[in-house]
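# Remarks on the overall topology
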Amino acid sequence: SQQGEEDPQALSIQEGENATMNCSYKTSINNLQWYRQNSGRGLVHLILIRSNEREKHSGRLRVTLDTSKKSSSLLITASRAADTASYFCAAGVAGTYKYIFGTGTRLKVLA
Amino acid sequence: NAGVTQTPKFQVLKTGQSMTLQCAQDMNHNSMYWYRQDPGMGLRLIYYSASEGTTDKGEVPNGYNVSRLNKREFSLRLESAAPSQTSVYFCASSTGVDYEQYFGPGTRLTVT
């Protein structure tokens, strides 16, 4: 399977703490995207980082990309109970329109 | 502006039955995708359509067919359903490569 891997599989933190999740993939990529999914509903796009970028910020989100290690990380700062969800990375396979999703990290933020 | 819509929301099939899952987007996107999500797992790409008139296989195409009816609509057909196709199916659309995907709410399919 080409499916990417994420770690940790599950993460439980207190409100106000930072949450970091990591993604590894196996192919060359156009871009790497992060999505959030609440309770089996549709995915919501969070942030996209292109293969020639190393770091990107959006509000409380910070994403890094290391193409030499085929890995990315998502940092959520000052987490809130509303951030409780599953988070998935999606690697855009270079030269194609295909995306390979990671297995996801289940984040629980305790109020 | 409804975004990406999928019908039906829920479906139960018996083994061997056929059905078509419908997907439509109103964002004038070029690319459309079909994924399946099994419990505790990420999404796996079944088929995609980079632009109107083209379709290509993804990671898990066996047992499925697709039709890009026009720019707005992309349907997924199960010709002879099997219990292994029990899953949640998501449709997504995008402007193209290097752009975010917008997802529909999903179809929960159970094959008995």
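Summarised in this report is the structure supplied together with it. Bear in mind that the values here come from a model prediction, so they are computed numbers and not experimental data.

The next point concerns the overall build of chain B. Along chain B, the regular secondary structure elements total zero helices and eleven strands. Reading chain B from its N terminus to its C terminus gives the helix and strand order β-β-β-β-β-β-β-β-β-β-β. Scaling as 2.2 N^0.38, a compact globule of 112 residues should have a C-alpha radius of gyration of about 13 Å, and chain B matches this with 13 Å. When the backbone C-alpha atoms are referred to their principal axes, chain B occupies close to 35 × 25 × 25 Å. Buried residues in chain B amount to 50% of all 112 residues.

Each helix and strand in chain A was counted, giving zero helices and eleven strands. Moving toward the C terminus, one meets the helices and strands of chain A in the order β-β-β-β-β-β-β-β-β-β-β. The C-alpha atoms of chain A give a radius of gyration of 13 Å, which matches the 13 Å a tight globule of 111 residues would have. Across its three principal directions, the C-alpha atoms of chain A cover 45 × 25 × 20 Å. For chain A, the exposed surface amounts to about 5200 Å²; the carbon and sulfur share of it is 45%.

Residue and element names in this part refer to chain A. Evaluated as defined, the whole model comprises two disulfides over all chains. Paired through a disulfide, Cys-23 and Cys-89 show a sulfur-sulfur distance of 2.1 Å. A torsion of 75° about the S-S bond marks the disulfide between Cys-23 and Cys-89 as right-handed. Taken together, the positions of Cys-23 in strand β3 (residues 19-24) and Cys-89 in strand β9 (residues 85-93) put the pair 66 residues apart, joining distant regions of the chain. Taking relative accessible area as the criterion, Cys-23 reaches 2% and is therefore assigned buried. Residue Cys-89 is classed as buried on the basis of its relative accessible area of 2%.

Residue and element names in this part refer to chain A. Reading across the sheet, the five strands line up as β1-β3-β8-β7-β6 and stay open at both edges, with antiparallel pairing between neighbours. The sheet is open, and its two borders are formed by β1 (5-7) and β6 (55-58), each paired with just one other strand. The average undirected angle you get between the axes of adjacent strands in this sheet is 15°. As judged from the six bridges shared by strand β7 (residues 61-66) and strand β8 (residues 71-76), these two strands associate in the antiparallel manner. Across the sheet, the residue bridging to Arg-62 is Leu-75, located in β8.

All right, on to the interface of chain A and chain B then. In this assembly, 24 residues from chain A lie in contact with 25 residues from chain B. Interface of chain A and chain B: buried area, both sides summed, is about 2000 Å²; carbon and sulfur atoms make up 53% of it. If you look at where chain A meets chain B, you find one salt bridge. Applying the counting rule to chain A against chain B returns six residue pairs in polar contact (both at pLDDT 80 or more).

Definitions and limits used
- Residues numbered from 1 in each chain as written.
- Chains lettered and ligands numbered in written order.
- Predicted model: local features only at pLDDT ≥ 70, side-chain atom pairs only at ≥ 80, totals over all residues.
- Heavy atoms only, no water.
- Helix = DSSP H or I, 4+ residues; strand = E, 2+ residues; numbered from the N terminus.
- Rg over C-alpha atoms; globule rule 2.2 N^0.38 Å.
- Buried < 20%, exposed > 50% of the residue type's maximum accessible area, 1.4 Å probe, protein only.
- Areas by Shrake-Rupley, 256 points an atom, 1.4 Å probe, with all protein chains shown as cover.
- Disulfide = S-S within 2.5 Å.
- Pairing = 2+ DSSP bridges.
- Axes fitted to C-alpha atoms, helices over the stretch in contact; angles between N-to-C directions.
- Contact = heavy atoms within 4.5 Å.
- Buried area = accessible area lost by both parts, 1.4 Å probe.
- Salt bridge = Lys/Arg side-chain N within 4 Å of Asp/Glu carboxyl O.
- Polar contact = N/O pair within 3.5 Å; in protein donor to acceptor, adjacent residues only side chain to side chain.

Purely geometric stuff here, so don't read any function into it on its own.
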